[in-house]
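# Architecture at a glance
Next come the chains, spelled out residue by residue.
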Amino acid sequence: MKNLTVLIRAELEIPDDWELVEHPSGMQVLRVGDQFVDFDIAPLTTKSTAPDAEWSDADTDVVGTVLDTVVGLEAELEIQLLH
């Protein structure tokens, strides 16, 4: 067995009325209107070798197999004001 570390960093430009809040579960999440948003890993697959291949999570067997191998996951959220 071996370990794979996946580091994903995304920057979103969000409206001023979206905010970081603590959900009653204790998680820090993004509040968008009356919805709470968290971020998670979403494996995508394709069988195509074409440069413009379409990637999707439709193959639930493979996606589930990959997700079953996740032993730890951490999402860190930070808002920075743009000037």
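I will try to describe carefully the structure that is included in this document.

Calculation rules
Residues numbered from 1 in each chain as written. Predicted model: local features only at pLDDT ≥ 70, side-chain atom pairs only at ≥ 80, totals over all residues. Heavy atoms only, no water. Helix = DSSP H or I, 4+ residues; strand = E, 2+ residues; numbered from the N terminus. Buried < 20%, exposed > 50% of the residue type's maximum accessible area, 1.4 Å probe, protein only. Contact = heavy atoms within 4.5 Å. Areas by Shrake-Rupley, 256 points an atom, 1.4 Å probe, with all protein chains shown as cover. Lys, Arg positive; Asp, Glu negative; His and termini not counted. Charge placed at Lys NZ, Arg CZ, Asp CG, Glu CD. Pairing = 2+ DSSP bridges. Axes fitted to C-alpha atoms, helices over the stretch in contact; angles between N-to-C directions.

## Re the overall build of the protein
Regarding its fold elements, the protein presents one helix and three strands. Taken from the N to the C terminus, the helices and strands of the protein come in the order β-β-β-α. Once the C-alpha set of the protein is aligned to its principal axes, its extents read approximately 40 × 30 × 25 Å. Within the protein, the proportion of its 83 residues that are buried is 8%. A separation of at least 24 residues holds for 29% of the contacts in the protein among residues at least 6 apart in sequence. Carbon and sulfur atoms make up 52% of the accessible area of the protein, which totals about 8000 Å². A distance of 8 Å separates the average location of the 4 positive side-chain charges in the protein from that of its 18 negative side-chain charges.

## Examining the sheet that holds strand 3 (residues 35-37)
Read from one edge to the other, the open sheet built from three strands follows the order 1-2-3, with strand pairing classed as antiparallel. Of all the strands in the sheet, the pair left with one neighbour each is strand 1 (19-22) and strand 3. The sheet shows a mean angle of 45° between the axes of neighbouring strands, direction not considered. Pairing geometry for strand 1 and strand 2 (residues 28-32), over four bridges, is antiparallel. Bridge pairing in strand 2 places E22 opposite Q28.

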